[in-house]
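Observations on the three-dimensional arrangement
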Amino acid sequence: MKFFSELTKGIIKENPIFVIVLGMCPTLAVSTSVDNALGMGLAATFVLICSNMMISLIKGIVPAQIRIPIYIVVIAAFVSIINMAMEAYLPDLHKALGIFIPLIVVNCIILGRAEAFASKNNVLNSMADGLGMGLGFTLSLSVVATIREILGNGTWLKMQVLPSTYDPMLVAILAPGAFITLGLLMAVMNIIKEKN
Amino acid sequence: MKLYLKLGFILLVVTVIATGILAYVNSITAPQIEALKQEEAIKSREELIPDSIFEEVEVSPDFSYFIARNKDTEEIQGYTFIASQRGYSDNVKTMAGVDPDFKLTGIKVVEQSETPGLGANCTGPDFTKQFQGKTMEDLMADKDGGKIKSLSGATITTRAIASSLKQAIQTLQQHVQQQAQTIQEDAQ
């Protein structure tokens, strides 16, 4: 039962983007189109699950004072290995996701979950937490990207959804559009929370 | 004091182990990655100038090009090269082919790490197709008076690609003409 609640909390109640407000940099930068959002989200989910399990495994032997630098080394090494292995053996997948992988290292959701959850919980729950947070991240990223791609390009997942006479609102896919969309979505989330 | 030394030592051990693992993985994967890149380069060259055999000519350590000769007649079909210039976040490398009159036959962006959704769109056919048939004079972003339609929100990427191609074609043209001259002089 605990496993299941750890898994679902990341999607709404403790949503990493809208509630915990972690990982803003990739959220703002990569939400220009839905396929980018999905690519980034899934790649980050994979790393999040693995790093959470890894951190949970070594939590007993890491001295408390230097845990953060050790987590960073573990996560960075892990991401680099995935990047190299993917480039060598899965070149097509690497072409699609390659640009997101170095960005994952600096995604603070990963370090945030390592510190806040994985270092205090067992491997199984840490895995559930990683999966839930990853899915929450992917979903929120896709929502932001959906709004930005439709307004800024007239397409969704590269399919034309608005009539071609629509003049794209370019600002939506530029940096200011990211801030505006994110701000409005957070406001909506807060209104919903207050009403409950 | 003793505690800090101990902590520093533990951190050292952790980083040494991590570095060792990374070096090991790199040594396994690097040749494989290099081989894939070579294969890809051969394929791209064939796409740009089909039915040719390629011969590499090195101009300087940073720039070399390939002469494409027809498989049967050995007539020069054109040249291919890789142009590189810093874009918005890192170097953008573009492989391009030109015909014997130095008109572009096509381009392919082979390496870039531009912003996804903006500059990264430079790999798409919507952008690369317009380079076909362009000469050196056309190779400027439309904002700067050239004939290359800029990517929306990514003028810097467009400029990097256009101007790197322009420079590369210039170097190539000079070198080819020089070569031709030396051959003529030798013959006399």
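The shown structure was predicted, so the numbers you read here are calculated from the model rather than taken from an experiment. (Residues numbered from 1 in each chain as written. Chains lettered and ligands numbered in written order. Predicted model: local features only at pLDDT ≥ 70, side-chain atom pairs only at ≥ 80, totals over all residues. Heavy atoms only, no water.)

**Overview of the nonpolar core**
All names here are of chain A. Core analysis: the largest hydrophobic core is formed by 30 residues, its most contacted members being Ile 17, Met 40, Ile 104, Phe 137 and Leu 182. When contributions to this core are tallied by element, the ones reaching two or more residues are α2 (24-30), α3 (34-58), α4 (67-89), α6 (101-105), α7 (108-118), α8 (123-153) and α9 (175-195). Among the elements that take part in this core, α3 stands out by supplying seven residues, more than any other. Ignoring anything within four residues of it in the chain, the contact list for Met 40 reads Pro 26, Val 30, Phe 100, Leu 103, Ile 104, Asn 107, Phe 137 and Leu 141. (Core = buried A, V, L, I, M, F, W, Y, C linked by side-chain atoms within 4.5 Å. Buried < 20%, exposed > 50% of the residue type's maximum accessible area, 1.4 Å probe, protein only. Helix = DSSP H or I, 4+ residues; strand = E, 2+ residues; numbered from the N terminus. Contact = heavy atoms within 4.5 Å.)

**Some thoughts on the environment of Lys37(B)**
By secondary structure assignment, the location of Lys37(B) is in helix α1 (residues 2-48). The class of Lys37(B) is partly exposed, set by a relative accessible area of 42%. Sequence spacing of Lys37(B) and Leu118(B) is 81 residues, and the spatial spacing of their C-alpha atoms is 25 Å. When sequence neighbours within four positions are dropped, the list of residues in contact with Lys37(B) reads Glu87(A) and Glu111(B).

**Re the pattern of salt bridges**
Within the structure shown, the criterion is met by eight salt bridges over all chains. Linking Asp35(A) and Lys158(A) is a salt bridge whose minimum nitrogen-to-oxygen distance equals 2.9 Å. You can see Asp35(A) sitting in helix α3 and its partner Lys158(A) sitting in the loop between β1 (155-156) and β2 (159-160), a full 123 residues away along the chain. For Lys147(B), the salt bridge identified is with Asp138(B), shortest N-O distance 3.6 Å. Lys147(B) sits in the exposed class, given a relative accessible area of 54%. (Salt bridge = Lys/Arg side-chain N within 4 Å of Asp/Glu carboxyl O.)

**Focus: the side chain of Thr181(A)**
Looking at the secondary structure, you find Thr181(A) in helix α9. The contact partners of Thr181(A), leaving out residues within four places of it in the chain, are Val144(A), Ile147(A) and Arg148(A).

**Regarding the interface of chain B and chain A**
With 26 residues of chain B at the contact, the number on the chain A side is 24 residues. Taking both partners together, chain B and chain A bury about 2,000 Å²; carbon and sulfur atoms supply 80% of that area. Sorting the residues of chain B by area buried against chain A places Leu7(B), Leu22(B) and Pro116(B) first, and these three jointly supply 24% of that buried surface. Across the contact surface, chain B and chain A share zero salt bridges. On the surface where chain B and chain A come into contact, there are zero residue pairs in polar contact (both at pLDDT 80 or more). (Buried area = accessible area lost by both parts, 1.4 Å probe. Polar contact = N/O pair within 3.5 Å; in protein donor to acceptor, adjacent residues only side chain to side chain.)

**Remarks on the pairing of strand β4 (residues 91-98) of chain B**
Residues and elements named next belong to chain B. Among the eight residues of β4, six are classified as buried, and the element is accordingly described as predominantly covered. Where strand β3 (residues 76-86) meets β4, eight bridges bridge the pair, whose relative direction is antiparallel. Note that in β4 the partner of Thr 80 across the bridge is Gly 97. Connecting the antiparallel pair β3 and β4 is a turn made up of four residues. In this structure, β4 lies alongside strand β5 (residues 104-111), joined through six bridges in antiparallel fashion. Paired with Val 98 across the bridge in β5 is Leu 104. Counted between consecutive antiparallel strands, the loop separating β4 from β5 contains five residues, among which Phe 102 sits at a positive phi close to 65 degrees. (Pairing = 2+ DSSP bridges.)

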